[in-house]
Amino acid sequence: MMNHFMVLAVLLPLRTCYTTYSEQESTVYPVTHLNVSKDLALQRLLVEWDVGKSAHDAELAMSFEIQVRRTDETTTVWTEFHNVTLDKSGKSLHWIWDSDLPLECMPHSVRIRSKAEASKIWSQWSLWETVLGLDTSNTSGPQIFPNEKIVEEGSDITLCCIGRKGQIIKKFFLGAALHVFNHINRQVGLLTVKDVAHQKVPQITVYCQESCNEEQCYDHTVLFVGKPPDRPNDFSCQTQDMRTVTCTWSQGGDTYLYGRHSPKYTLSEEFSRKTIPCTVSCSEQCSCSWDIGQQRLCNITVTVENPLGKKTAMDVFDVTHRIYPAAPFQLWEECTDTEITLYWKHPNKGIELFCQTEVLQPDGKVELHNSSDRHLHYASITLGGLQPYTEYTARVHCGAAKHFWRWSEWSEARTIRTKEATPSGKLDIWKEITPVLGGRNVTLFWKQAPSFRANGRSISYEVTWEKVEDGSKPESISFSSVCNSTRISIDNHSYRISIMAKNNVNYSLPSVLIIPRATGNSRSICTEELKEEQVNGTDDGIFISWEPRHIYDGYIIDWCNFPMLQPCDLQWKRFGPNISSALINSAAFVPGVRYNFHIYGSVANIASLLEKKTGYLRELPPLLDPVVEKVELTFNAVTLSWDSYCTNESQSGFVRGYHVYVSPVQEDCSLKGSEKHVLPDDSVLCKYTIENPEEKRYTVKHLLSNTKYKLVVKAYTGGGETPIVNFIYIDTPLNSNMLYLLVLLVIVPALVATICRWKIKWVKECCCPLIPSPNKSKVLSFKEFKISSEKVLKISDCIPDMLAVDSKAEAQKLHPWSQLSSMPTEDKIDSQNSSWIYPKENEERDITPTPTPQTHTWFENFAYSSHLAVESDRYQTPETIEASKPELSIVLYQPHYYFDIFNQNAASTLKETAGRKTGLRYVSQTDVHCLGRRL
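Per chain, the residues get numbers from 1 upward, laid out in the order the sequence is written. Reporting of local features is limited, given that this is a predicted model, to residues whose pLDDT is at least 70; pairs of side-chain atoms are given and counted only at 80 or more, and all residues count toward the totals for whole chains, interfaces and linings. Where side-chain values are given, they derive from all heavy atoms of the structure, hydrogens and water being excluded.

1. Overview of the overall build of the protein chain
Next, step 1: The helix and strand tally for the protein chain stands at 10 helices and 54 strands.
Next, step 2: Taking all 935 residues of the protein chain together, the buried fraction comes to 38%. The numbering of helices and of strands both runs from the N terminus, where a helix is a DSSP run of H or I of at least 4 residues and a strand a run of E of at least 2. Each residue's exposure class comes from its accessible area (1.4 Å probe, protein chains only) as a fraction of the maximum for that residue type: buried when under 20%, exposed when over 50%, partly exposed otherwise.

2. Here's the deal with a nonpolar patch on the surface
Next, step 1: Each patch is assembled from residues with relative accessible area greater than 30% and no salt bridge, linking like charges that lie within 9 Å and nonpolar side chains (Val, Leu, Ile, Met, Phe, Trp, Tyr) that lie within 5 Å. For the accessible areas, the method is Shrake-Rupley and the probe is 1.4 Å, while residue cover comes only from the protein chains on display. Salt bridge criterion: a side-chain nitrogen from Lys or Arg within 4 Å of a carboxyl oxygen from Asp or Glu. Taken together, the side chains of Leu744, Leu745, Val746, Ile747, Val748 and Val752 present a nonpolar region at the surface, about 550 Å² in accessible area.
Next, step 2: Here Val746 lies in helix H4 (residues 736–758).

3. Considerations on the sheet that holds strand S2 (residues 44–50)
Next, step 1: Strand pairing is assigned whenever DSSP identifies at least 2 bridges connecting the two strands. In space, the three strands of this open sheet follow the order S1-S2-S5, with antiparallel pairing throughout. Strand pairing shows two members of the sheet lacking a second neighbour, strand S1 (32–39) and strand S5 (93–98), which therefore form its edges. Across this sheet, the average inter-strand angle for adjacent strands is 15 degrees, counted without regard to direction.
Next, step 2: Relative to S2, S1 is paired through six bridges, and the arrangement is antiparallel. From the neighbouring strand, Val36 faces S2, where its bridge partner is Val47. Axes here mean lines fitted to C-alpha atoms, for a helix over just the part in contact, with angles spanning 0 to 180 degrees between N-to-C directions.

4. A look at unusual backbone geometry
Next, step 1: Omega for the bond connecting Phe145 with Pro146 falls within 30 degrees of zero, at -5 degrees, which places this linkage in the cis form.
Next, step 2: With respect to the element layout, Pro146 can be found in the loop between strand S8 (143–145) and strand S9 (149–152).
Next, step 3: Across the junction of Gln566 and Pro567, the peptide omega takes the value 0 degrees, indicating a cis bond.
Next, step 4: Take Pro567: it is sitting in the loop between strand S40 (554–560) and strand S41 (570–575).
Next, step 5: At Tyr389, a residue that is not glycine, the phi angle is positive and equals roughly 45 degrees.

5. Concerning the confidence of the model for the protein chain
Next, step 1: pLDDT expresses, on a scale from 0 to 100, how confident the predictor is about each individual residue. On average, residues of the protein chain score 79 in pLDDT, and 76% of them reach the 70 mark or higher.
Next, step 2: Mean pLDDT values over the elements of the protein chain span from 38, in helix H9 (residues 886–892), up to 96, in S40.
Next, step 3: Contacts were defined at the residue level, with two residues in contact if any of their heavy atoms lie within 4.5 Å. Below a pLDDT of 50 lies the segment residues 521–527, which in the model reaches 11 contacts outside its immediate sequence neighbourhood of four places, other chains included.
Next, step 4: Every residue in residues 813–935 scores below 50 in pLDDT, and together they form 179 contacts with partners more than four places removed in sequence or on other chains.

6. Observations concerning the packing of aromatic side chains
The way to describe two aromatic rings as a pair is by their centre distance and the angle between their planes.
Next, step 1: Any pair of Phe, Tyr and Trp rings, taking the six-membered ring for Trp, is counted once the centres come within 6.5 Å. Such a pair is stacked with planes under 30 degrees apart, edge-to-face with planes over 60 apart, and tilted for the rest. Summed over all chains, the structure comprises 26 aromatic pairs.
Next, step 2: Measuring from ring centre to ring centre gives 6.3 Å for Phe445 and Trp572, while their planes differ by 50 degrees; the resulting arrangement is tilted. Taken together, the positions of Phe445 in strand S32 (residues 439–448) and Trp572 in strand S41 put the pair 127 residues apart, joining distant regions of the chain. Across the pair, Trp572 and Phe445 agree in class, each one buried.
Next, step 3: One aromatic cluster in this structure is built from Trp546, Tyr552, Tyr555 and Phe575.
Next, step 4: Any Lys NZ or Arg CZ that is within 6 Å of a ring centre and within 35 degrees of that ring's normal is treated as a charge sitting over the ring. A cation over an aromatic ring shows up here: Arg395 above the ring of Trp410, its NZ or CZ 4.2 Å from the ring centre.
Next, step 5: Over the face of the ring belonging to Phe727 we find Lys710, whose NZ or CZ atom lies 4.6 Å from the ring centre.

7. Concerning the environment of Ile429
Next, step 1: Locating Ile429 in the fold gives a position in strand S31 (residues 427–436).
Next, step 2: Under the relative-accessibility criterion, Ile429 is labelled buried at 3%.
Next, step 3: When the C-alpha atoms of Ile429 and Ser485 are compared, they prove to be 9.3 Å apart, with 56 residues separating the residues in sequence.
Next, step 4: Here Ile429 is in contact with Phe445, Trp446, Ile499, Ser511, Val512, Leu513, Trp572 and Arg574, once residues within four sequence places are set aside.

8. Digging into the state of the cysteines
Next, step 1: Cysteine sulfur atoms that come within 2.5 Å of each other are treated as a disulfide pair. Applying the stated criterion across every chain, the model contains nine disulfides.
Next, step 2: Disulfide partner of Cys278: Cys288, at an S-S distance of 1.5 Å. You can see Cys278 sitting in the loop between strand S19 (274–275) and strand S20 (281–282) and its partner Cys288 sitting in strand S21 (residues 286–291), a full 10 residues away along the chain.
Next, step 3: Here Cys278 falls in the buried class, since its relative accessible area comes to 18%.
Next, step 4: Judged by its relative accessible area of 1%, Cys288 is buried.
Next, step 5: Each sulfur in the disulfide pair Cys560 and Cys568 lies 1.9 Å from the other.

9. A look at the environment of Val463
Next, step 1: Checked against the element boundaries, Val463 lands in strand S33 (residues 460–467).
Next, step 2: Through-space distance from the C-alpha of Val463 to that of Ile499 is 4.5 Å; in sequence the pair is 36 residues apart.
Next, step 3: Contacts of Val463, omitting those with residues within four sequence positions, involve Leu444, Trp446, Glu475, Ser476, Ile477, Phe479, Thr486, Ile497, Ser498 and Ile499.

10. Focus: the environment of Thr699
Next, step 1: With respect to the helices, strands and loops of the structure, Thr699 is situated in strand S50 (residues 697–700).
Next, step 2: The class of Thr699 is partly exposed, set by a relative accessible area of 28%.
Next, step 3: Along the chain, Thr699 and Val660 lie 39 residues apart, while their C-alpha atoms are 9.6 Å from each other.
Next, step 4: Dropping the residues within four chain positions of it, Thr699 is found in contact with Ala637, Val638 and Thr639.
Next, step 5: In terms of polar contacts, Thr699 uses its side chain to reach the side chain of Thr639, at 2.8 Å. We call two N or O atoms a polar contact when they sit within 3.5 Å, provided that within protein one can donate a hydrogen and the other can accept it, with sequence-adjacent residues counted only if both atoms are side-chain atoms.

11. Describing the nonpolar core
Generally speaking, a soluble globular protein has its nonpolar side chains buried in company with each other.
Next, step 1: In this structure, Leu45, Val47, Trp49, Phe64, Val110 and Ile112 are the most contacted members of the largest nonpolar core, which totals 23 residues.
Next, step 2: Taken together, the elements giving at least two residues each to this core come down to S1, S2, strand S3 (61–70), S5 and strand S6 (108–116).
Next, step 3: The dominant element in this core, judged by the number of residues it contributes, is S3, at four residues.
Next, step 4: With residues near it in sequence (within four places) discarded, Trp49 still touches Val31, Thr32, His33, Leu34, Phe64, Ile66, His82, Ser92, Leu93, His94, Trp95 and Ile112.
Next, step 5: Buried Ala, Val, Leu, Ile, Met, Phe, Trp, Tyr and Cys residues form a nonpolar core when they are joined through side-chain atoms within 4.5 Å. Core analysis: the next-biggest nonpolar cluster, separate from the first, contains 21 residues, Leu640, Tyr645, Val660 and Leu671 among them.

12. A look at the side chain of Ser494
Next, step 1: For Ser494, the position within the fold is in the loop between strand S35 (485–490) and strand S36 (495–502).
Next, step 2: Once residues within four sequence positions are removed from consideration, Ser494 is found in contact with Glu466, Lys467, Val468, Glu469, Ile514, Ile515, Pro516 and Arg517.

13. Structural notes on the pattern of salt bridges
Next, step 1: Under the criterion given, the structure shown has 25 salt bridges.
Next, step 2: Of the charged contacts, one joins Asp291 and Arg243 as a salt bridge, the two residues approaching to 3.9 Å between their closest N and O atoms. Residue Asp291 is located in strand S21, and its partner Arg243 is located in the loop between strand S16 (233–239) and strand S17 (244–250); the two are separated by 48 residues in the primary sequence.
Next, step 3: The residue Arg656 makes a salt bridge to Glu619 at a minimum N-O spacing of 2.3 Å. With Arg656 in the loop between strand S46 (638–641) and strand S47 (657–662) and Glu619 in the loop between strand S44 (606–616) and strand S45 (630–633), the pair connects residues that are 37 residues apart, well separated along the chain.

14. What to know about the sheet that holds strand S37 (residues 511–515)
Next, step 1: The strand order S34-S33-S36-S37 describes an open sheet built from four strands, whose pairing is antiparallel. The strands lining the two open edges of the sheet, one partner per strand, are strand S34 (475–480) and S37. Within this sheet the neighbouring strands show an average axis-to-axis angle of 20 degrees, counted without direction.
Next, step 2: Across six bridges, S33 lies against S34 in antiparallel orientation. Bridging from a neighbouring strand, Tyr461 pairs with Phe479 of S34.

15. Some details on the pairing of S3
Next, step 1: Most of S3 sits out of view: eight of its 10 residues are buried.
Next, step 2: Taken together, the nine bridges between S3 and strand S4 (residues 76–85) define a ladder with antiparallel strand orientation. When the sheet's bridge partners are listed, Glu65 is paired in S4 with Phe81.
Next, step 3: Across nine bridges, the pairing between S3 and S6 is antiparallel. In the sheet register, Ile66 faces S6, and the bridge partner there is Ile112.

Here it is in structure tokens:
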């Protein structure tokens with residue numbers, strides 16, 4: 001029983017909870033008393049509703065879905081879920097909606113439904129509650145909303161233009177912004193502007209027009225584009241007397257809103273919960289001051305606000321830690337030649353201050369001196385270590401000695417001059433000696449050295465000179481402060497010269513110069529004995545170096561700032577004994593001017609010339625080109641002379657040499673000893689270089705005769721040379737040797753050829769008789785056979801026109817003829833003292849006698865030989881020829897039976913005959929007038 005009771009006791013509360021939960025899920029709490037109003041200034045819908053007392057009593061957590069619709073639009077423009085927990089007070093619920101479209105443009109409707117958060121069942125929607133737009137029934141023209149709207153830069157805005165009843169919106173636009181214009185209905189137009197930008201003008205004008213053209217058909221309004229204010233920067237507060245507090249801050253960037261829309265500042269104090277009654281003024285900074293009375297701890301808030309937003313800044317401080325003293329005033333001083341005591345007053349009574357004095361030195365340096373101010377009426381500081389009769393400028397500012405916050409403003413600056421004192425240091429003096437008849441003129445120069453100080457209001461100079469050898473009375477002369485040189489005349493003795501500066505207090509220490517006795521060598525003579533050395537200039541000056549000598553206690557360099565003028569403005573500079581180089585610079589140095597430097601060694605106030613230097617700050621090209629005074633021409637060379645060209649200090653640089661330019665015949669510039677030089681116009685010249693400036697004559701060789709050339713001579717320095725403009729034009733003469741050679745090689749051979757052509761036959765017969773070539777003989781075209789590898793002609797292949805035999809005796813020696821012949825003895829031909837012609841058989845004979853004897857040529861080689869020429873008998877008759885035997889002719893011209901008829905030791909056999917190669921002879925018939933055909 002007990003267990004069952006316990007189970008029942010547990011289940012009963014669970015069931016109760018379950019039942020309650022189910023009831024909440026199933027219960028619906030509809031919205032009642034829905035009320036919608038509008039705030040036209042803020043373009044807001046104010047929605048108020050209730051859900052009944054039972055929901056409040058249950059303190060339910062409710063969810064509400066709210067929808068907004070514009071009457072002329074079919075879709076919902078806004079949906080939002082609003083959650084709230086009800087209380088038993090029974091108060092109505094509220095919701096606010098900001099519209100992007102002015103509420104005047106058209107009616108807006110709102111409806112709501114609800115449910116308990118624990119439930120899934122929504123109530124029925126409430127009826128649409130509508131707020132109407134602007135009623136235009138009584139308006140006199142179209143209207144634009146919003147009117148004079150302030151728009152944040154970069155935002156979007158929608159405007160509407162509502163026309164009168166019966167009118168249509170025709171145009172709706174603004175001037176300088178992108179926009180979208182559309183119609184909601186025929187009477188309402190909408191204009192949407194995206195990303196509104198600030199224009200140069202303070203406002204943007206919007207225009208609207210109905211479909212008519214009368215004046216009442218138009219309307220316009222303006223938009224102000226701006227930005228919310230920036231947070232006040234550097235906001236801080238301070239006090240000068242612990243009663244009046246002043247707060248300052250930077251106002252930030254421009255909001256582009258002015259007049260009644262400009263930012264407004266207000267200050268409030270948190271501890272007293274009061275608004276601070278001060279007037280804000282802004283120029284470079286904004287500030288506001290008010291009386292805090294006895295309050296020491298403050299929490300100040302500054303708020304800046306304009307129609308687009310507001311920002312705040314805060315400062316919490318203790319007034320005793322924010323003391324910003326007022327500037328000291330009424331400064332005065334007491335001084336000596338080396339000290340100044342400065343006094344001042346300040347208005348901050350009862351506040352211990354720490355002050356700082358700023359002293360401006362004559363050289364521009366600034367020194368700060370600190371001091372404490374505990375005096376009730378004034379403060380002071382003593383400044384020591386100052387220069388006599390020198391102006392100093394001083395000013396003072398102070399800060400709180402305890403809890404230092406910041407310095408006060410500077411007091412007015414006060415300029416103070418210390419009192420006079422004796423001149424300190426010595427003058428720097430120098431001299432220039434010019435020999436004259438019976439003595440010397442000494443020009444003395446002096447200047448204030450860096451260590452010299454006049455220490456007085458007015459200063460003068462006193463020059464004294466006396467002989468060193470005897471005790472003669474010194475001579476002296478005084479000069480005002482504007483003088484820095486004088487000339488005195490002395491004889492050839494040694495002199496001591498001194499110069500002192502004097503002010504109203506006393507003289508300075510003397511500067512002494514010893515002029516040695518004249519020995520016959522003046523400065524000008526001595527300088528000629530020393531060779532000038534060339535030195536180089538830089539962008540900063542001219543560098544000078546010298547060989548140090550241990551006997552001197554210092555060195556002096558002098559030069560003229562204007563070498564071409566008189567006086568030349570002599571300058572000098574002193575150097576210590578351990579220095580052997582210096583960079584000499586001057587504002588008077590200009591490029592292209594030669595400056596001469598003399599280096600002296602000084603010991604016991606006596607200066608001796610050691611070295612001479614000359615140089616330019618920067619060399620320039622020569623001012624003038626050499627003038628060619630003489631031109632000497634040959635057929636292959638030209639010699640140029642420019643003897644009068646100067647290379648001295650009148651030039652704008654050291655003349656290093658010369659360039660001779662010659663126009664080439666060919667672009668490659670092949671003249672020996674030259675190099676190719678291309679001008680700016682791409683033309684080519686041949687360049688010859690003369691590296692000795694004293695060489696003023698040059699010969700250009702290897703030219704072509706009878707050719708035009710152009711030449712120019714240019715001097716060059718370390719700064720280069722001037723552009724090539726003017727040329728000398730020459731024509732090389734004709735080469736006479738070439739003319740003679742031309743005559744020999746052309747004219748003479750031509751003359752000889754003419755004469756030879758005129759007498760060509762005679763010359764040919766005398767000098768070059770025709771010699772036949774065996775290779776061209778017709779006999780070589782016949783058939784051939786060999787005997788012992790030698791070519792021989794068969795008698796049958798070569799039948800001559802005629803054969804000439806010298807004598808009968810020779811013919812009888814030919815034994816083969818007699819053996820082979822069948823002629824009778826009585827028929828033998830008597831050939832003594834005559835020559836016989838054996839005509840060829842079967843040839844047609846010409847009975848006309850031969851008019852003249854013909855010459856026959858004979859020749860001989862290893863195969864055959866020709867013999868002498870014979871004459872034919874012009875009186876031989878055809879009968880004689882006919883009586884001859886043809887067999888004899890045949891036998892006679894067979895080569896293997898042909899023996900040397902002039903060799904008495906000839907062999908008698910055919911075998912012997914064939915073995916003798918060198919004994920064979922052949923008779924050639926050339927140009928023989930025969931009675932038959934010619935071979």
